[in-house]
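Okay, here's what each chain looks like letter by letter:
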Amino acid sequence: MIAVLAGGVGAARFLRGLMLEVEPQRITSLVNTGDDTVLHGLYISPDLDTVTYTLAGAIDPERGWGLENESWTAMGALSRYASIRPLNSHAAPTWFNLGDKDLATHFYRTARLGEGATLSQVTGEISEAWGLDLNLVPMTNDSVQTTIKLAEDCAAGSAGAEISFQEYFVKHRHNVAVSAVTFVGSKTAKPNGLDLLASADSILIAPSNPLVSIAPIRSLAGVDDILSARRNSVCAISPIVNGAALKGPADRLMSELGHESSVVGVAKIYAPICGTLVIDNADAHLASAVEAQGMRCIVTDTVMKSPKVSAALARTALEATR
Ligand code: FO1
C-alpha cells in the first residue's frame, strides 16, 4: 500500500500522476480537513472536494477548485438577503462561492453527517459516486479547525484577531500578515489511517503547503511518531520552487512564521519525519544545503504542467522510498 499525505491542488495533481503509475486500489490518501468549514449550515470540505473533482476530471482547471462548467444562480440569489441581513447576522455569506452543481456535494455530505455517518464514510460514498478507485480518507472524523492569528501590524483592520482558514484564504485572499497558525481540536481528535502509516510500503508527502495543509495532519496524535520511526520510507515533494509557491500562500506564510521560504526551509520542516526531499531543477544549487539537513535530495521536474510530468514525479518519489 502507498499512503499519501495530501492538501488541495498540488496534492490532487500529484495523485493524478501517481494513479497513472500504480493501481489506484493500492493508494490511500489522508487528506487535510483543517480547512473544513460550515456555511449556510452546509459542511464543506475543500481539500477533499478539490482532490475528488480533480481525480474525476471534473475540476475547473482555471480556478483549481469547484466544478467546471459551473453556474452560480444560487449565489446570485443569495445577495438579495445579504443586502438586508441585520448588522450582527452572518446569514447569507457571499464571500465564499458555492457553485450550483458543487452545492449537491455539500448537501449530500451534510445530510449524511446529520444521519450519523462519519466523515470517512461520506467521503468514501462521494468518492464512489465520482467513480474513483483510490481510497480517500479525511485525516480525522473529528473537528480540527486551522485557525489563523493575524499579525499585530496587519493592515486588514483586525490586527491580532483569530480567524478561520477560509476567512484568511478566501475572504482576505491570503493577503494579510499572519503571526501564528493553530489547529484547534487536534490534541483530542482521533487520527484516521495510523495503521496504514505504520504498514504502508511507501509514504509520500504531496507538494502541499507544509504549514497549513500537511501540518494539520502531523498535529494529530501519533502521526509524527510513526513518520519519524519510518523516516526512510517517507518522501516529500517540495511545494516551493525557486523560493515561491506555485499556488497559494506557502511562501509568504513560511517567511511570516519564521521559516526560510526555500527548499531548505521545507527541508528543515520535514527533516525529522522524512528521509528524502524531491526538489525542482530550478533549485538544483540548493541540493547540498537540503542534504545538510540530514535528508537525501532528488532534483527533478516538479512543476506538474501535465499528467505526464505528474506521473514521472510520482515514480521518482516512489522509487526514493524503496
Ligand atoms: N477558493 C477561493 O479562492 N474562493 C472561493 O470562493 C472558494 C470556494 C470554494 C468552495 C468549495 C470548495 O470545495 C473550495 C472552494 N475554494 C475557494 C477553494 C478552497 O477554499 C481553498 O483552495 C483551499 O481551502 C486551500 O487548500
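Here is a short report on the structure shown in this document. What you see is a predicted model, and the numbers here were worked out from it, not measured in a lab. (Residues numbered from 1 in each chain as written. Predicted model: local features only at pLDDT ≥ 70, side-chain atom pairs only at ≥ 80, totals over all residues. Heavy atoms only, no water.)

Taken together, 13 residues surround the ligand, and among them Asp35, Asp47, Asp49, Asn97 and Gln166 come closest. With respect to the ligand, the side chain of Asp35 contributes an N or O atom lying 2.9 Å from an oxygen atom. Coverage of the ligand by the protein amounts to 89% of the 540 Å² it exposes when considered alone. Assessed atom by atom at 2 Å from the grid points, the ligand resides in the largest pocket. (Near = heavy atom within 4 Å. Polar contact = N/O pair within 3.5 Å; in protein donor to acceptor, adjacent residues only side chain to side chain. Areas by Shrake-Rupley, 256 points an atom, 1.4 Å probe, with all protein chains shown as cover. 1 Å grid on protein atoms, 1.4 Å probe; cavity = no way out; pocket = protein on both sides within 12 Å on 5 of 7 lines; lining within 4 Å. Sits in = over half its atoms within 2 Å of the grid points.)

For strand 1 (residues 2-6), the tally of buried residues reaches five of five residues, placing the bulk of the element in the interior. Taking every second residue as pointing to the same face, both faces of strand 1 are buried, with Ile2, Val4 and Ala6 on one and Ala3 and Leu5 on the other. Both strand 1 and strand 2 (residues 27-31) contribute to a ladder of five bridges, which runs parallel. Bridge pairing in strand 2 links Ala3 to Thr28. As for the winding sense of the linkage, the β-α-β connection from strand 1 through helix 1 (residues 9-21) to strand 2 is right-handed. Both strand 1 and strand 9 (residues 202-205) contribute to a ladder of four bridges, which runs parallel. (Buried < 20%, exposed > 50% of the residue type's maximum accessible area, 1.4 Å probe, protein only. Helix = DSSP H or I, 4+ residues; strand = E, 2+ residues; numbered from the N terminus. Pairing = 2+ DSSP bridges. Right-handed = clockwise from strand over helix to strand, strands pointing away.)

That's the geometry; what it means functionally is another story.
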